[in-house]
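# Results of the structural survey
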Amino acid sequence: MTTDALDKKLNEVFAGKVVRKDLLLQVKKGTNVPSFVLEFLLARYCASDDPREIQEGLSAVLETIQKNYVRPDESNRAQMLVQQKGKHTFIDKIHVRYYEKEKRPWARMENFNSSRIAINERFYRSENDRIFEGGIWAECTVGHNEAEDDNYAFYIEELKPIQLSKFDFDAFNEGRKQFSRDEWLDVIIRSFGLEPGWMSKRLKFHYLARLCPLVESNYNFVELGPRGNGKSYTFSEFSPYATLLGAPTSAATLFWNAQRRQVGVIGYWDVVAFDEVGEGIVVRDKETFQVMKQYMANGNFNRGGSTVNAGASLAFVGNIDDSIESLVNSLEYDLFKPLHPVFDLAILDRFHTFVPGWEIPKNRDESLTRSYGFIIEYLAEAFHHLARKTNRFAQVKSVCQLGAGYDQRDQTAVLKTVCAFVKMLHPGQDPSREEIDEYLEYAVEGRRRVKEQLNKRKPDDEFAHINLSFVNSVGKTIVVWCPESKNAHATLEPSTMEDSSEGKSMIVPEGAPPVSVPKSDNNAKERHYRIHYGAIGFSYETIFGPYLKGADQITVEDPYIRADHQIVNFLRFCEVAVRVARPKKILLITTFDNQPEKEDAMAKLGTITDSLKELDVQLEINVNPNLHDRQVRLNSGWTVKIGRGFDIYQRPDDWLTVGANDLDLRPCLETTVDIFPDSVSR
């Protein structure tokens, strides 16, 4: 491995607190052990750049895991091992709880699966007090108690915390001073396990935004995006102060257990994250969300006749399967579509930022770093300190000048996001005014994305002020837009778009692109559906027919019009278009893999061109080598997206069977269909 200048500086300034992230990848793939535990072992055994020593160290790490890490399904074998050997050392998460009736504490080890382990007070004095607050990961030497009269079988003979027992925040701040802002940003991204060299600053900010709940108390975060881009990792692996829950959970688990008269997990963690918060969740306890509304707004909730305060941030991550373009141009749906209906306007309005997960690529080997980054446990301790013991809100508020029209929730949301960025990137320092401008712009966008969806769901005056702005360092007012919706009038002006659909006059905001009001069949409506494998009744006329009426120009974008059957399918679509709409022009945008393939396909498409010309229909063919998506745009005001393009039919077993010619009777392949108003005139 070759080290760059940032690696060398990081090792010099934070010696012993960094680790090569590619080594973590090597051991992580074959184990189910939290990353901060693995990095603890890597820092112990692989603190070298010598290849031979590193290989020996990796072997030692794997051997330690094999011998000492107990998995939940191996708890009985682990207990028997202690009984047979007299004692054994395990890597496990250990808790201590005081029991009033017995007037003594008992230890509990999670994977060892014993909650009645004797422990000496020397193991939980002040330096390890977090053992009471959600537990700590540690190397625990467990002994077997041979005394038959005692009411416990195991005791803790030795305990060495894996998590840092003390953290020197002043030293962390002093070390930060040796780095520029952009260097420090790259250090954090590398600590995340990713290589920042290929990223834009915007993408780096997306990854940084995922960490906001870890440094800013009572921060409400939501991210929706594709599977496999690391949404859940942040809250399951990055910090021992965050916990990832499956949705749903109960009010007793989350907030207050009335039987025990004890606060729930909200009182023990810096971040409580909810995974897979999509439409598939089953809400068994709606009370949870009622209590959640109060907590998200005020950081407290009422239980047992008293008010309970907590500082935990809430994070919600889930998958979004629809096309973003179809959602922002939809009159019916918005970007919160995947969320369960129990996420009502009151909860949605409490989100401080909405990270566009669809802009974050899926994790791939080539995107992972081979350089040094902070040991996750060390950075997590820094973030924990920032969350619990620092407050930059007053300072940030004094230097941030927001535009007109902010309500209190908008202002709080934007400023808390800026605070989180300042805490992470400038601990113990003051950012420049230009840097504040960057954070402000990103923070305003995240809050605007929330408001746009609220305004779309309730298109009246309550959430109508979506054009949030700020005044930058040179006194210029900057209106911030969300890239995905900047030209989507269904999102920007939902009330006027609804009026237009009812035949009323429509007001278009000054400077906005012209709106194309659908002029097709009155029965044509926005639709999003799935065609299942083997289904029939989906000819091109069935799918496109109602939307083709009134279209005199059709644009087909499809990179796969090259094989014979694909060209035939395109011809069939053209026949439907001519019969239903008689367009003046059809534009085909496609691409080819090589020159011979292009020449063969263009010759066949040329025959179709000549045939259409006889019907006064112009077919124009453009080649775009960067084309990827498949869609048909109609100047009647509609866009039709089919996942498989025109290639949606199964090949008949015999061309003399029913369905060979009538596509309504031809069995289909599995695909999705999204049909939505095209808000921008092409």
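## Description of the overall build of the chain
Along the chain, the regular secondary structure elements total 23 helices and 26 strands. The buried share among the 682 residues of the chain stands at 55%. Put simply, 73% of the contacts in the chain that link residues at least 6 apart link residues at least 24 apart. A total accessible area of about 30600 Å² is found for the chain, and carbon and sulfur atoms account for 46% of it.

## Some thoughts on the sheet that holds strand β21 (residues 553–557)
The strand order β20-β26-β25-β24-β21-β22-β23 describes an open sheet built from seven strands, whose pairing is mixed. Only two strands of the sheet have a single partner each, and these edge strands are β20 (527–531) and β23 (618–623). Here the average twist between neighbouring strands, direction ignored, is 15 degrees. Sheet strands in contact with helix α21 (residues 540–548) are β20, β21, β24 (631–634), β25 (638–642) and β26 (671–677), and its direction is about 165 degrees off that of β25.

## Topic: unusual backbone geometry
The backbone phi angle of K103 is positive, close to 55 degrees, even though this residue is not glycine. Mapping K103 onto the fold places it in the loop between β2 (87–99) and β3 (104–109). Although it is not a glycine, E276 adopts a positive phi angle of roughly 55 degrees. Inspection of the secondary structure assignment puts E276 in the loop between β11 (271–275) and α12 (287–298). Accessibility expressed as a relative area gives 44% for E276, which makes it partly exposed.

## A few points about the nonpolar core
If you look at the biggest cluster of nonpolar residues, it comprises 88 residues, and the most contacted ones within it are F172 and F374. Take this core: its biggest share by element is nine residues, from helix α17 (residues 408–425). In this structure F172 touches F14, F167, W184, F374, Y378, L379, A382 and P427, once residues within four positions along its chain are discounted. Membership of the second largest hydrophobic core comes to 42 residues, among which are C574, A601, L605 and Y649.

## Let's talk about the pattern of salt bridges
Pairing between side chains of opposite charge can happen when the charged atoms of each approach one another. Applying the stated criterion to the full structure yields 47 salt bridges. The salt bridge involving E56 is made with R52; its shortest N-O contact spans 3.0 Å. Within this pair, E56 and its partner R52 are both found in helix α4 (residues 51–68), separated by four residues, close to a single helical turn. Judged by relative accessible area, which is 53%, R52 ranks as exposed. K416 is the salt-bridge partner of E216, the closest N and O atoms lying 3.3 Å from each other. Placement of E216 in the loop between α9 (212–215) and β7 (220–225) and of K416 in helix α17 is noted, with a sequence separation of 200 residues between them. Across the pair, exposure class does not vary: E216 and K416 are buried alike. Shared partners join several salt bridges into a network, and the residues in it are R202, E359, E445, R449 and E484.

## As for the packing of helix α8 (residues 201–210) against helix α18 (residues 433–457)
Axis separation between α8 and α18 bottoms out at 12 Å; the angle between their running directions is 65 degrees. Taken together, the axis directions place α8 and α18 in an arrangement best described as roughly perpendicular. Note that α8 runs across α18; the crossing there is right-handed. From α8, K201, R202, F205, H206 and A209 reach across to α18, where they touch E438, Y439, Y442, E445 and R449. Residue classes in the contact of α8 with α18 are distributed as four nonpolar, one polar and five charged.

## Things to note about the confidence of the model for the chain
Caution is warranted with low-pLDDT regions, since their predicted coordinates should not be read in detail. Taken as a whole, the chain shows an average pLDDT of 86; of its residues, 89% reach a score of 70 or greater. In the model, residues 500–518 has pLDDT below 50 throughout and makes 36 contacts with residues more than four positions away in sequence or in other chains.

## Brief notes about a negative patch on the surface
On the surface, E146, E148, D149 and D150 cluster together into a negatively charged patch. Position of D149 among the secondary structure elements: in the loop between β5 (136–144) and β6 (154–161).

## Overview of the packing of aromatic side chains
All chains considered together, the criterion is met by 47 aromatic pairs. Here F421 and Y439 contribute two aromatic rings whose centre-to-centre distance is 5.6 Å and whose plane-to-plane angle is 45 degrees, an arrangement assigned as tilted. With F421 in helix α17 and Y439 in helix α18, this pair connects stretches of sequence that are 18 residues apart. Grouped by ring-pair contacts, the aromatic residues F14, F167, F169, F172, F179, W184, F374 and Y378 constitute a single cluster. Here the basic side chain of R97 rests over the ring of Y99, its NZ or CZ set 5.0 Å away from the ring centre.

## A look at the sheet that holds strand β19 (residues 477–479)
Sheet strands pair by backbone hydrogen bonding; their relative direction is either parallel or antiparallel. Here we have three strands laid out as an open sheet, ordered β17-β18-β19, and antiparallel in their pairing. In this open sheet, the two strands that pair with only one neighbour each are β17 (401–402) and β19. Where strand β18 (residues 469–471) meets β19, three bridges bridge the pair, whose relative direction is antiparallel. Following the sheet pairing, F470 is matched in β19 by I478. α18 contacts β17, β18 and β19 of the sheet and is inclined by roughly 165 degrees relative to β18.

## Here we look at the pairing of β24
Side chains Q631 and R633 project from β24 onto one buried face, and the interleaved V632 and L634 project onto a second face that is buried too. Looking at chain direction, β21 and β24 are connected through four bridges and run antiparallel. Paired with V556 across the two strands is V632, which belongs to β24. Bridge analysis of β24 against β25 gives three bridges, and the strand direction is antiparallel.

## A closer look at helix α6 (residues 169–176)
Among all positions in α6, only F169, F172, N173, G175 and R176 are buried. Looking straight down α6, one finds that the buried residues subtend no more than 160 degrees of arc, so they occupy a single side. Tucked into the core, α6 has its buried residues touching α1 (5–13), α7 (181–191), β16 (372–374), α15 (376–389) and α17.

## Points about the pairing of β3
Here β2 runs beside β3; their pairing, made up of six bridges, is antiparallel. Bridge pairing in β3 places I94 opposite M109. Turn length for the β2-β3 hairpin, with the two strands adjacent in sequence and antiparallel, is four residues, and the turn residue K103 shows positive phi of about 55 degrees. Note that β3 and strand β4 (residues 114–118) share two bridges and pair antiparallel. From the neighbouring strand, M109 faces β4, where its bridge partner is S114. Taken together, β3 and the strand that follows it, β4, pair antiparallel across an intervening segment of four residues, in which N113 is found at a positive phi of about 65 degrees.

Rules used throughout
Residues numbered from 1 in each chain as written. Predicted model: local features only at pLDDT ≥ 70, side-chain atom pairs only at ≥ 80, totals over all residues. Heavy atoms only, no water. Helix = DSSP H or I, 4+ residues; strand = E, 2+ residues; numbered from the N terminus. Buried < 20%, exposed > 50% of the residue type's maximum accessible area, 1.4 Å probe, protein only. Contact = heavy atoms within 4.5 Å. Areas by Shrake-Rupley, 256 points an atom, 1.4 Å probe, with all protein chains shown as cover. Pairing = 2+ DSSP bridges. Axes fitted to C-alpha atoms, helices over the stretch in contact; angles between N-to-C directions. Core = buried A, V, L, I, M, F, W, Y, C linked by side-chain atoms within 4.5 Å. Salt bridge = Lys/Arg side-chain N within 4 Å of Asp/Glu carboxyl O. Parallel < 35°, antiparallel > 145°, perpendicular 65-115°, else oblique. Left-handed = near helix turned anticlockwise from the far one by under 90°. Nonpolar A, V, L, I, M, F, W, Y, C, P; charged D, E, K, R; others polar. pLDDT = per-residue confidence, 0-100. Patch = residues over 30% accessible without salt bridge, like charges linked within 9 Å, V, L, I, M, F, W, Y side chains within 5 Å. Lys, Arg positive; Asp, Glu negative; His and termini not counted. Charge placed at Lys NZ, Arg CZ, Asp CG, Glu CD. Phe/Tyr/Trp six-rings, centres within 6.5 Å; stacked < 30°, edge-to-face > 60°. Lys NZ or Arg CZ within 6 Å of the ring centre and 35° of its normal. Arc of directions from axis to C-beta.

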